[in-house]
Structures are given as C-alpha cells and as structure tokens.
Amino acid sequence: MCGICGCSQPRKINNRLQPVGVKSHHHEHDTERLVKVEQDLLSKNNAYAEQNRSYFQQHHIFTLNLVSSPGAGKTTLLVETIKVLKDRFPIAVIEGDQQTEHDADRIRATGVPALQINTGRACHLDAHGIGHAITELGVKDYSLLAIENVGNLVCPSSFDLGEAHKVVVLSVTEGDDKPLKYPDMFHASDLMIINKTDLLPYVDFDVERCINYARQVNPNIQIIQLSATKGDNFSIWTDWLVGRVET
Amino acid sequence: MHEISLLKNVREILEEHAISEKFSKVIKVTLEIGKLSSVEPDALRFGFDVVMKDSLAENAELLISELNGLGLCQQCGQQVELETSYDPCPHCDSPFIKVIQGAEMKIKDLSVI
Ligand SMILES: Nc1nc2c(ncn2[C@@H]2O[C@H](COP(=O)(O)OP(=O)(O)OP(=O)(O)O)[C@@H](O)[C@H]2O)c(=O)[nH]1
Ligand SMILES: [Mg+2]
Ligand SMILES: [Zn+2]
C-alpha cells in the first residue's frame, strides 16, 4: 500500500492495470447524449503532484526536479553536490532514465540512498511514480530530495512532480540558443545552471546571449554558471541549496 | 512523445465518467487545446485511435477545438494576443504577461450512449 496516494499498485509507472472496463455493448434503444467533463488532461498527474507537495511540506523535504538534455551533467552535478553537503543534511535521490541503473549506482557510490525509476518508453517521470518512490526510499525529514528527470528538454516540462523548483541544466557544448529552441522548459524552470564552463574556451557558446535568451522566455529565471567536474563557482550552487534546505 | 501519456489520461478520465455517468460507449470526444499549451493537436489525432483501441471509445470521433492565446500585460494593463506564453507586450515591450487563455488542455465533453 502506498503511503502517499493510498493505492495498492506496485511502483511501476506508465504500466497501468487494465481499468475496470465497462463493456461496450449497447442496446438498440440507447440514444446519444452529451456528458460535460471539463477536466484537465493533466488533472490526475496534478492531483498526485499536490499530494507529493503537501507531503514534502509536512516533512520539510526540499525537492528539486532536475531537467536537461541527455548528458548535460545532471548526475555529475548531483554526485559532486552530495560530496560537499552530505554531512550537513540528509540527501536522497530519485533517478529517472528510460533504461539502466547506472545513474542510481553512481549516486549510491557516494553513500546516499538512491532509487532508479526506469520509464521504459516514456520520456518523463510522473507524479504518481514519484509518490511511490518517496515511500520506497524512506526520505528523511529536514532533507534534500533531488529528482533527476529523464534527459529530455520537452516532455518533463508539463509534468509537475510536486517539486519546489525545476532546475534546468544546460551545458555549454549544446549551443547558446537552447532556451529559444526549447522555451517551455526554460519557462517552467526557476533556476538555470550553465554547466561545463571549463569547456568555454573550446566551444562557440556566448554566455551573455544564452542568458538573454533565457530571460526572454522567463524574465524571473535565476542563473548559475559552473563546472561540475572542475568545481568553478560550485559554492554558489551549494550555498543556493543550503539557504533553501535549512530554513 | 508525451501526447501518448495525455491520451492515456483521456482514456482513464472517460472510463471513470463511464461509471459515474452510466454510459457504455463513447461516440465523440471533444478536447479543448490552447495554442500556448505544449500539446500538438496533430500528434493527439495521430495517437488517438491507437490509445482508444479496446476501450469504450474505440472508433470514437475526436474533435479538437483550439483556443488562441490571450494575456494581460502586468505593466500597461492591456489585453494582448499571444503566439507563445513568453511574447513581450506589443504595446510596452514588458515581458511580464499573465496568460488568461490558451494554456488549456482539457476534455470538454463526450457524446455517449
Ligand atoms: N568538461 C566537463 N564535463 C562534464 C561536466 N559535467 C559533466 N561532464 C561530463 O559530461 C558527461 C555526461 O555527464 P552526466 O552527469 O552523466 O550527464 P547527465 O545529464 O546525468 O546524463 P543523462 O542522465 O544521460 O541525461 C560525463 O562524461 C561527465 O563527466 C563539466 O562541468 N565539465
Ligand atoms: Mg544522469
Ligand atoms: Zn504592456
């Protein structure tokens, strides 16, 4: 039984049980009628997301939803973050990938609990799957929960997981016009991390232009430039986190 | 493509309504999709038959009514038409615009028997 949504489904997303089918046989005398629905297509996901959000609030869990294209450096960023902060407060990680346990294994190697969700053909995590993952992981109170979403700059933007903030990671090898090409994601995120700044001398990436594009689609977006592997500016990011986890 | 997950939600929602509203077959599904939502109506049309197969909406007709984007400028207070949710105000160039229409993606109604 799931502690958050109360359902008895095993943790497995996008693999729904066949619903209680109302058999589609109808009689001659049946007449067509109109049924008003007026329900949002994401209403189910949003309801689960709100349940997660109130759970996080009650338990003082600061939750981030990390999104990026594949390979921007989300797992590296998390591993390095955990190394710096794991003695300050408890940290747990939920890893979303279509396949493999690789990223969860990389997190576990730091000594922090991690749960891998394989989404199969689905291109994003959903709030129901997260609710089950929280129960299974046993996330501690007064902690940081990082959710690494599937590498994809499109679909995860529509699916609220109950997080406090979406954080979009953009690496400098991807091109400075990504915010304009995938505006929905940058619009939905509260923080943009420009990662792999150690590679700036080798690529044609105009940081100023990238920041302008990001502000164009989201005037309120916060921006941190860093290198997850070399450590440049890394404390700006960890300070940002500490200030929010320890409130 | 997350249009498929959205269609699975459509299917679930209408299966729930089949129980509460006591119907056994859906003839037509009307969706309201705003132009500022990240949903592609063509992708919905493309996936609809596949996702509704073996459900009570198998062979149902899909009708999508598209809603234009409208916003309210937070600076000059004028109502403006929006092509995207991050267009600046055409009157005062402010980027702060509150979307008032066009973000919708919902099931409006069903024709059922
Ligand atoms: N030079 C450089 N390389 C980096 C940096 N951060 C990450 N990388 C490298 O980028 C590659 C991808 O990093 P990951 O952390 O696996 O990226 P990810 O976003 O988790 O990838 P997916 O989960 O597959 O979407 C690895 O080879 C990292 O070593 C950085 O700051 N500088
Ligand atoms: Mg990763
Ligand atoms: Zn204006």
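Quick look at the structure, then.

## Considering the overall build of chain B
Secondary structure assignment for chain B yields two helices and six strands. From first element to last, N terminus to C terminus, chain B shows the α and β order α-β-α-β-β-β-β-β. What you see for chain B is a C-alpha radius of gyration of 17 Å, clearly larger than the 13 Å of a compact globule of 113 residues, by over 25%. If you line up chain B on its principal axes, its C-alpha atoms span 55 × 25 × 15 Å. Across the 113 residues that make up chain B, the buried fraction comes to 52%. A fraction of 69% describes how many contacts in chain B between residues 6 or more apart in sequence connect residues 24 or more apart. Of the accessible surface of chain B, which amounts to about 5400 Å², a share of 49% is contributed by carbon and sulfur atoms.

## Some remarks on the nonpolar core
The biggest cluster of nonpolar side chains holds 31 residues, and the ones touching the most others in it are Leu77(A) and Trp237(A). Among the elements of the structure, strand S2 (61–68), helix H2 (74–85), strand S3 (91–97), helix H3 (102–108), strand S5 (143–148), strand S6 (165–171), strand S7 (191–195) and helix H8 (234–245) of chain A are those that each provide at least two residues to this core. Top contributing element to this core by residue count: H8(A), with six residues. Ranked by size, the runner-up nonpolar core spans 30 residues in total, among them Leu41(A), Ala18(B), Val39(B) and Leu110(B).

## Some details on the coordination of the magnesium ion (ligand 2)
All names here are of chain A. Surrounding the magnesium ion (ligand 2) are the protein donor atoms Thr 75 (OG1), Asp 103 (OD) and Glu 148 (OE), at 2.0 to 2.1 Å. For the magnesium ion (ligand 2), the donor residues sit on a single chain with the sequence spacing T-x27-D-x44-E. You can see Thr 75 sitting in helix H2 and its partner Asp 103 sitting in helix H3, a full 28 residues away along the chain. You can call Thr 75 buried: its relative accessible area is 4%.

## Considerations on the packing of helix H1 (residues 3–20) of chain B against helix H2 (residues 41–52) of chain B
Residues and elements named next belong to chain B. Packing of H1 against H2 brings their axes to within 9 Å, and their N-to-C directions diverge by 50°. When the interaxial angle is binned, H1 and H2 end up oblique. When you trace H1 past H2, the crossing you get is right-handed. Taking contact as the criterion, the partners of Glu 3, Ile 4, Leu 7, Lys 8, Val 10 and Arg 11 in H1 are, on H2, Ala 43, Leu 44, Gly 47, Phe 48, Val 51 and Met 52. In the contact of H1 with H2, the residues fall into eight nonpolar, one polar and three charged.

## Observations regarding the coordination of the zinc ion (ligand 3)
All names here are of chain B. The coordination sphere of the zinc ion (ligand 3) contains the protein donors Cys 73 (SG), Cys 76 (SG), Cys 89 (SG) and Cys 92 (SG), at a distance range of 2.3 to 2.4 Å. Viewed at the metal, the four donor atoms of the zinc ion (ligand 3) are separated by angles of 102 to 116°, and the geometry they form is tetrahedral. Mapped onto the sequence, the donors of the zinc ion (ligand 3) take the spacing C-x2-C-x12-C-x2-C. One end of the pair, Cys 76, is in the loop between strand S3 (69–73) and strand S4 (79–82); the other, Cys 92, is in the loop between S4 and strand S5 (97–101), and 16 residues separate them in sequence. Cys 76 sits in the partly exposed class, given a relative accessible area of 33%.

## Quick notes on the packing of H2(A) against H8(A)
Residues and elements named next belong to chain A. Contact geometry of H2 with H8 gives a least axis separation of 11 Å together with a crossing angle of 70°. In this view, H2 runs roughly perpendicular relative to H8, as classed from their interaxial angle. Of the two possible hands of crossing, H2 and H8 adopt the one that is right-handed. Together, Leu 77, Glu 80, Thr 81, Val 84 and Leu 85 of H2 and Phe 234, Trp 237, Thr 238, Leu 241 and Val 242 of H8 make up the contact between the two elements. Of the residues that constitute the contact of H2 with H8, the class distribution is seven nonpolar, two polar and one charged.

## Brief notes about the interface of chain A and chain B
Note: interface size is frequently given as the accessible area lost on complex formation between the parts. Across the contact, 36 residues belong to chain A and 38 residues belong to chain B. Regarding the contact of chain A and chain B, the summed buried area is about 3500 Å², with carbon and sulfur atoms giving 58% of it. Together, Arg33(A), Leu41(A) and Lys44(A) form the three largest contributors to the area buried by chain A at its contact with chain B, with a combined 21%. At the junction of chain A and chain B, the tally comes to four salt bridges. In this structure, Lys44(A) engages Glu16(B) in a salt bridge whose closest nitrogen and oxygen atoms are separated by 2.3 Å. Seen at the junction of chain A and chain B, the total is 15 residue pairs in polar contact (both at pLDDT 80 or more).

## Things to note about the pairing of strand S4 (residues 114–118) of chain A
Residues and elements named next belong to chain A. Judged by how many residues are buried, S4 sits mostly within the fold: four of five residues are covered. Here five bridges tie S3 to S4, and the two strands are oriented parallel to one another. Bridge pairing links Gly 96 to Ile 117 in S4. Following the chain from S3 across H3 to the adjacent parallel S4, one finds a crossover that is right-handed.

How each quantity is defined
- Residues numbered from 1 in each chain as written.
- Chains lettered and ligands numbered in written order.
- Predicted model: local features only at pLDDT ≥ 70, side-chain atom pairs only at ≥ 80, totals over all residues.
- Heavy atoms only, no water.
- Helix = DSSP H or I, 4+ residues; strand = E, 2+ residues; numbered from the N terminus.
- Rg over C-alpha atoms; globule rule 2.2 N^0.38 Å.
- Buried < 20%, exposed > 50% of the residue type's maximum accessible area, 1.4 Å probe, protein only.
- Contact = heavy atoms within 4.5 Å.
- Areas by Shrake-Rupley, 256 points an atom, 1.4 Å probe, with all protein chains shown as cover.
- Core = buried A, V, L, I, M, F, W, Y, C linked by side-chain atoms within 4.5 Å.
- Donors = N, O, S within 2.8 Å, 3.2 Å for Na, K, Ca; no water.
- Axes fitted to C-alpha atoms, helices over the stretch in contact; angles between N-to-C directions.
- Parallel < 35°, antiparallel > 145°, perpendicular 65-115°, else oblique.
- Left-handed = near helix turned anticlockwise from the far one by under 90°.
- Nonpolar A, V, L, I, M, F, W, Y, C, P; charged D, E, K, R; others polar.
- Tetrahedral: all angles 85-135°; square planar, octahedral: opposite > 155°, others 65-115°.
- Buried area = accessible area lost by both parts, 1.4 Å probe.
- Salt bridge = Lys/Arg side-chain N within 4 Å of Asp/Glu carboxyl O.
- Polar contact = N/O pair within 3.5 Å; in protein donor to acceptor, adjacent residues only side chain to side chain.
- Pairing = 2+ DSSP bridges.
- Right-handed = clockwise from strand over helix to strand, strands pointing away.

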